[in-house]
Structure formats: structure tokens, C-alpha cells
Amino acid sequence: MIELHTWNTPNGRKISVALEEMGVPYQVKVVDITKGQQFEPAFLAISPNNRIPAIVDEDGPGGAPISVFESGAILIYLAEKTGQFMPQDVRSRVAVLEWLMWQMGGFGPMLGQVHHFLTVNEADRAYGLNRYMKETRRLYGVLDGQLERAEFVAGPLSIADFAIIGWAWRHERHQVDLNDFPRVKRWYEGLMARPGVKRGFEVALS
Ligand SMILES: N[C@@H](CCC(=O)N[C@@H](CS)C(=O)NCC(=O)O)C(=O)O
């Protein structure tokens, strides 16, 4: 049984979606980041950067427990553990890692800045909101272009799709209309119709 330490956010949802799609049993351990629980010593012991998500796998390598923080590292760990959603051959694997890193470095941090600047008072908002909204739309355009060439982001369905959909799930919050990105819309609706993905978004994380 894997413990998933998390909260109801895009980064948290990536992992519940992956676990559901992989059919791995897990137990949710809620970390309420609105109450500062991410700073509690027991959580910092497994996630020293005080951010969700993190996992503890009692049955780690060699049968010994392992903890993993950073959602990208968790997705790679789970793919390697289960042999799912990450191809073995180097070319295909590189494509998955490229799009996973693209999400981790851009299609998440930049979208999160839009969420932030939408909450600040109007006097402080304009420069940041304009900058990050522009970058968010550029990233959606890059994704749309990739999905014109491939059914899923790296070819076959992979952990990169789970990482990206965690954030695309919040498109209304960062004020992106998916009708402006028709291939992203097709990909998004197709993934959201999958039973595993659905369960991953429905499971209670708070
Ligand atoms: N790069 C990290 C980012 C995780 C992250 O930003 N988590 C947020 C919620 S989505 C968090 O735990 N924030 C609490 C805090 O900053 O104190 C990952 O992908 O795991």
C-alpha cells in the first residue's frame, strides 16, 4: 500500500490520476496546506521542500520503504515500479521525459503565477498577470501543436499526460478557453472520459 501525502491541487491530482490509471492501491494522507501542515516535522521528513505531493511506499526497492517527493520524481518512480506508462526504448522514453520536464518547468509554474496574480489587488496585478497569462497561452499553443502530431503528448499515453492534465484541469481558473486550443480540447476530453483519470480527479484529497 502506498501512502499519498497530498492536497486537492494540480500537483496533487497528477499522482492520484497516475495511481488510479496504474491500478496501484493507495491511501490518501491529507496535508492541509491552508493550515500549514506542510511544515510539520513528520511531513518535512519525507518532503523537505514543504510541498505536496509526496509518497511513501512501504514496499520499495529491495522490499524496504522509500519516500519520494516532487511530482515528476514520483511519476517516474511509479512508472518504473509498475512498468506502465513509460516506454523502455530510449527514443520513446526521452519523449516522455521531455514532456514531463516541460510540464514541471513551465506548464505548472507559469500557470500557478496566473492563479496568484488573479488574487492580488488591482494596483499590483497588471504587469504580472499580463506576463504570465501571455506565457500560459504560449504554452497551451505549444501543447496544441504537439497534439496535432500525436494522440497523446509523447505518442502513447504516458506519465507526461498525467502531469499535464493535472494543470489543464484548472484551465478555467487560469482563464484559458479550450475552444482556442482545439487539439488540447480533444486530448483533454478524451482523457477525462477515462475511468481511471475520472477516479483520480474524484477521489477526496482534502
Ligand atoms: N515542483 C513541485 C511543486 C509542488 C507544489 O508547488 N505544491 C504546492 C501545492 S500545488 C504546495 O505544496 N504548496 C505549499 C507551500 O508552498 O507551502 C512538485 O511538482 O511536486
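J.: What is the right way to read helix α7 (residues 159–168) from this model?
T.: Two residues of an α-helix separated by three or four positions point the same way, owing to the 3.6 residues in each turn. Among the 10 residues in α7, 10 count as buried, and that is most of the element. All buried positions along α7 are accounted for by I159, A160, D161, F162, A163, I164, I165, G166, W167 and A168.

J.: How do you make sense of the side chain of T9 when you look at a structure like this?
T.: Position of T9 relative to the elements: it lies in the loop between β1 (2–6) and α1 (10–22). Ignoring anything within four residues of it in the chain, the contact list for T9 reads I33, I52 and W169.

J.: Is there a simple way to explain the packing of aromatic side chains in this structure?
T.: Working definition: an aromatic ring pair is given by the centre-to-centre distance plus the angle between the planes. Applying the stated criterion to the full structure yields seven aromatic pairs. Geometrically, the ring pair formed by F107 and Y140 is tilted, given 4.8 Å between the ring centres and 55° between the ring planes. Taken together, the residues span a long stretch of sequence, with F107 in the loop between α4 (90–105) and α5 (109–117) and Y140 in helix α6 (residues 122–149) at a distance of 33 residues. When its relative accessible area of 0% is taken as the criterion, F107 is described as buried. Since its relative accessible area comes to 0%, Y140 is described here as buried. On the basis of an interplanar angle of 40° and a centroid distance of 5.5 Å, the ring pair of Y140 and F181 is categorised as tilted.

J.: Please clarify how the site of the ligand should be interpreted in this entry.
T.: Near the ligand you find 13 residues, and of these Q38, R51, I52, E70 and S71 are the closest. In this structure, an oxygen atom belonging to the ligand sits 2.9 Å away from a side-chain N or O atom of R51. Note that a nitrogen atom of the ligand is positioned 2.8 Å from one of the side-chain N or O atoms of E70.

J.: Please explain the nonpolar core as it appears in this structure.
T.: Within soluble globular proteins, side chains that are nonpolar tend to cluster in buried spots. Core analysis: the largest hydrophobic core is formed by 53 residues, its most contacted members being I55, L78, F107, Y140, I159 and W187. Secondary structure elements with two or more residues in this core: β1, α1, α3 (71–82), α4, α6, α7, α8 (182–192) and α9 (195–202). Top contributing element to this core by residue count: α7, with eight residues. If you look at the next biggest cluster of nonpolar residues, it comprises seven residues, including W7, V31, A54 and V56.

J.: What is the right way to look at unusual backbone geometry in this model?
T.: Residue P53 is reached from I52 by a cis peptide bond, and omega for that bond is 0°. Positive phi values are uncommon outside glycine, yet E70 reaches one of about 80°. Within the secondary structure, E70 sits in the loop between β4 (66–69) and α3. One non-glycine residue, F85, lies in positive phi territory at about 60°.

Parameters and conventions
Residues numbered from 1 in each chain as written. Predicted model: local features only at pLDDT ≥ 70, side-chain atom pairs only at ≥ 80, totals over all residues. Heavy atoms only, no water. Buried < 20%, exposed > 50% of the residue type's maximum accessible area, 1.4 Å probe, protein only. Helix = DSSP H or I, 4+ residues; strand = E, 2+ residues; numbered from the N terminus. Contact = heavy atoms within 4.5 Å. Phe/Tyr/Trp six-rings, centres within 6.5 Å; stacked < 30°, edge-to-face > 60°. Near = heavy atom within 4 Å. Polar contact = N/O pair within 3.5 Å; in protein donor to acceptor, adjacent residues only side chain to side chain. Core = buried A, V, L, I, M, F, W, Y, C linked by side-chain atoms within 4.5 Å.

Geometric descriptors of this kind do not, in isolation, establish any biological role.
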